[in-house]
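Summary of the model geometry
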Amino acid sequence: KPYLLRRVKEDVEKSLPPKEETILEVTLTPIQKTYYKAIYERNTSFLFKGAKPSNAPSLMNIMMELRKCCNHPFLIRGAEER
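Describing the overall build of the protein chain
Summing up its helical and strand segments, the protein chain has 4 helices and 0 strands in all. Listed N to C, the secondary structure of the protein chain is α-α-α-α in terms of helices and strands. Out of the 82 residues belonging to the protein chain, those deemed buried represent 20%. Of the contacts made within the protein chain by residues no fewer than 6 positions apart, 44% connect residues no fewer than 24 positions apart.

Spelled out as structure tokens, the structure:
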């Protein structure tokens, strides 16, 4: 049975400084705000307007759709066609 060796970068390289995290708060663009509000309120008339039913965003997992909206509004299915 073969063995799989697993090493972490910090175990191999000892001279690496500790990881530093910087959090920047950025406001949403107007397109992101409208999509965020529509997803949060489950406004299907706005989200499905002008989109084929197969290309409409899925509202089964609201948190994932809100995250996609915050990252980039074109990650939502049907948003780019508008």
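Examining the pattern of salt bridges
Opposite charge on two side chains lets them pair, provided their charged atoms get close. Applying the stated criterion to the full structure yields 1 salt bridge. In this structure, Lys-68 and Glu-65 form a salt bridge, with 3.2 Å as the shortest nitrogen-oxygen distance. Linking Lys-68 with Glu-65, this pair stays in helix α4 (residues 62–71), spanning 3 residues, or about one helical turn. Since its relative accessible area comes to 24%, Lys-68 is described here as partly exposed.

Things to note about the packing of aromatic side chains
With the rule as written, the count across this model stands at 2 aromatic pairs. Between Tyr-36 and Tyr-40, the aromatic rings sit 6.5 Å apart at their centres with planes inclined by 10 degrees, giving stacked as the arrangement. With Tyr-36 and Tyr-40 both in helix α2 (residues 30–40) and 4 residues apart, this pair spans about one turn of that helix. What makes Tyr-36 partly exposed here is its relative accessible area of 31%.

Let's talk about the confidence of the model for the protein chain
Of all residues in the protein chain, 79% attain a pLDDT of 70 or more, and the chain-wide mean is 78. The least confident element of the protein chain is helix α1 (residues 9–12), whose mean pLDDT is 68; the most confident is α2, at 89.

Some thoughts on the state of the cysteines
Applying the stated criterion to the full structure yields 0 disulfides. Among the cysteines around Cys-70, which has no disulfide bond, Cys-69 carries the closest sulfur, lying 5.5 Å off.

With respect to the packing of α2 against α4
Look at α2 against α4: their axes get within 9 Å of each other, and the N-to-C directions meet at 175 degrees. As far as their axial angle goes, α4 and α2 are roughly antiparallel. Along its contact with α2, which presents Gln-32, Tyr-35, Tyr-36, Ile-39 and Tyr-40, the element α4 presents Ile-62, Glu-65, Leu-66, Cys-69, Cys-70 and Asn-71. For the contact of α2 with α4, a count of residues per class yields 8 nonpolar, 2 polar and 1 charged.

Cut-offs and rules
- By convention here, each chain's residues receive numbers from 1 onward along its written sequence.
- Confidence filtering applies because this is a predicted model: local features only for residues at pLDDT of at least 70, side-chain atom pairs given and counted only at 80 or more, and all residues used for totals across whole chains, interfaces and linings.
- The side-chain figures draw on all heavy atoms in the structure; neither hydrogens nor water molecules are used.
- Runs of E in the DSSP output that reach at least two residues are strands. Runs of H or I that reach at least four are helices, and both are numbered from the N terminus.
- Exposure classes here rest on a 1.4 Å probe applied to the protein chains alone. A residue is buried below 20% of its type maximum, exposed above 50%, and partly exposed in between.
- Any two residues having at least one pair of non-hydrogen atoms within 4.5 Å are treated as being in contact.
- Throughout this description, the term salt bridge denotes a Lys or Arg side-chain nitrogen within 4 Å of a carboxyl oxygen of Asp or Glu.
- Aromatic pairing here means that ring centres of Phe, Tyr or Trp (its six-membered ring) are within 6.5 Å. Orientation follows from the plane angle: under 30 degrees is stacked, over 60 is edge-to-face, and everything else is tilted.
- The score called pLDDT rates the predictor's confidence residue by residue, from a low of 0 to a high of 100.
- Our working definition of a disulfide is a cysteine sulfur pair at a distance within 2.5 Å.
- Axis definition: a line fitted to C-alpha atoms, over the contacting stretch in the case of helices. Angles run 0 to 180 degrees between N-to-C directions.
- Comment on the angle field: the value is read as roughly parallel under 35 degrees, roughly antiparallel over 145, roughly perpendicular from 65 to 115, and oblique elsewhere.
- Charged residues are taken to be Asp, Glu, Lys and Arg, nonpolar residues to be Ala, Val, Leu, Ile, Met, Phe, Trp, Tyr, Cys and Pro, and polar residues to be all remaining types, Gly included.

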